[in-house]
Amino acid sequence: MYKNVPFLPLAVIGIIVAALTAGQALLIDWLPPADSEQAERTFTLLWFLFWSSLIFFVIVTAVLVYAVWKWRAKDDDLEDGPPIHGNTKLEVVWTVVPSIFLIVVAVYGYIVLDRNEALAADRLNVDVYAQQFNWTYGYPDAGIETGTLVIPEGRQVQLNLRARDVIHDFWVPEFGIKGDAVPGITHKLWITPTKQGTYPVICAELCGVGHSVMRSQVKVVSAKEYSAWIARATAGVKATAAASAAAATLETAPGDVAAGKVVFEAKCSGCHAELGAKAGVGPKIVGTKLTTDELRTQIKNGKGAMPGGLATGTDLANVVAFVESIK
Ligand code: CUA
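What you see is a predicted model, and the numbers here were worked out from it, not measured in a lab. (Residues numbered from 1 in each chain as written. Predicted model: local features only at pLDDT ≥ 70, side-chain atom pairs only at ≥ 80, totals over all residues. Heavy atoms only, no water.)

Caption draft 1: The sheet that holds strand β10 (residues 215-221), seen in detail. In space, the 5 strands of this open sheet follow the order β4-β10-β9-β6-β7, with mixed pairing throughout. The strands lining the two open edges of the sheet, one partner per strand, are β4 (149-152) and β7 (177-181). Neighbour to neighbour, the strand axes of the sheet diverge by 25° on average, direction disregarded. The pairing of strand β6 (residues 168-172) with β7 spans 5 bridges and is antiparallel. Note on β7: the bridge partner recorded for W171 is K178. Strands β4 and β10 of the sheet are contacted by helix α4 (residues 223-252), whose axis makes an angle of about 135° with β4. (Pairing = 2+ DSSP bridges. Helix = DSSP H or I, 4+ residues; strand = E, 2+ residues; numbered from the N terminus. Axes fitted to C-alpha atoms, helices over the stretch in contact; angles between N-to-C directions. Contact = heavy atoms within 4.5 Å.)

In structure tokens:
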């Protein structure tokens, strides 16, 4: 019964369909370069799916187009077609072949996912915080936070995605991977970058008016540069801590009452009238029961309608000394 199948016209139609489909695949730059191990595997799987789908698409389309053309009704033909009862052999073939293909795809997909998520013992942990509308990266081992993600080439990085407000989505196209940052849960992503360079981090989930500008960068550097960067960043954090410790020392040093009176007149007497002897917008200060520490804390942090930070460092020590002298 297959003797009459016209292979030549089918082959011609098939070649045309294949050329048109393959042209779309080859002429358009669909994917960014695969710059992580995960992207290499994922993109290879994607192309495997594409080319094998193309084979099935060409076969089905060629037969369909040929049949539509060959057995079309003549203009004056108003009869019903002859009753046909199917073809068991053909039906078995078009059920079994796609089933086998789907099993192959499922197994291949499983292998890719399993390898992409296999944990390396020396993986680097980075916390990713998403919030309207920026990204912050925390390095728990080094105790630092940055606005640019810096990671070493060739080492697996575990990104712990967290959202501080609404749902965002961390996406680096070249890494072939993206993941939602959802409030209340930690979503893990694994990336093993294979090429040094700077890549865009894009928020891929509509998260508010600033969604389209919620971008940041990831820098992939050599292992050596990474260690140097971590050392510099850690030193920076220590220097900042030392500076605030020095400021705290100034604040708790014994203050000068006369200098404190000048500060009080400039910053405080608008609310605490007559150098604190009378209530204005703020309460009277003479007679306060606050201890020295409480005074200092309240001037630093503010309380109720009183703003914090009106006096800092030596000014703070002096104004505390003045208030102590009148209370
Ligand atoms: Cu964050 Cu879109």
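Caption draft 2: Molecular detail of the pattern of salt bridges. This structure, assessed with the given rule, holds 4 salt bridges. Put simply, E37 and R41 hold a salt bridge, and the shortest N to O gap is 3.5 Å. With E37 and R41 both in helix α2 (residues 37-70), this residue pair falls 4 residues apart, about one helical turn. When its relative accessible area of 31% is taken as the criterion, E37 is described as partly exposed. Relative accessible area serves as the criterion here: at 23%, R41 is assigned to the partly exposed category. D127 serves as the salt-bridge partner of R162, at 3.5 Å between the closest nitrogen and oxygen. (Salt bridge = Lys/Arg side-chain N within 4 Å of Asp/Glu carboxyl O. Buried < 20%, exposed > 50% of the residue type's maximum accessible area, 1.4 Å probe, protein only.)

Caption draft 3: Representation of a negative patch on the surface in the model. The grouping of D75, D76, D77, E79 and D80 at the surface amounts to a negative patch. Its location among the elements puts D76 in the loop between α2 and α3 (88-116). (Patch = residues over 30% accessible without salt bridge, like charges linked within 9 Å, V, L, I, M, F, W, Y side chains within 5 Å. Areas by Shrake-Rupley, 256 points an atom, 1.4 Å probe, with all protein chains shown as cover. Lys, Arg positive; Asp, Glu negative; His and termini not counted. Charge placed at Lys NZ, Arg CZ, Asp CG, Glu CD.)

Caption draft 4: Spotlight on helix α7 (residues 292-301). Here α7 has its buried residues at L295, R296 and I299. When α7 is viewed along its axis, its buried side chains cluster within an angular range of 95° and face the same direction. Turned more than 90 degrees from where α7 packs its buried face, D293 and N301 sit exposed. Positive phi shows up at G302, right after α7, with a value of about 80°. (Arc of directions from axis to C-beta.)

Caption draft 5: View of the packing of aromatic side chains. A complete count under the given rule lists 12 aromatic pairs for this structure. With a centroid separation of 5.1 Å and 55° between ring planes, the pair formed by F56 and F101 is classed as tilted. With F56 in helix α2 and F101 in helix α3, this pair connects stretches of sequence that are 45 residues apart. By relative accessible area, F56 is classed as partly exposed at 30%. Here R164 stacks its cationic end above the ring of Y129, 4.2 Å away from the centre of that ring. Directly above the ring of W171 sits K178, whose terminal nitrogen or CZ lies 5.9 Å from the centroid. (Phe/Tyr/Trp six-rings, centres within 6.5 Å; stacked < 30°, edge-to-face > 60°. Lys NZ or Arg CZ within 6 Å of the ring centre and 35° of its normal.)

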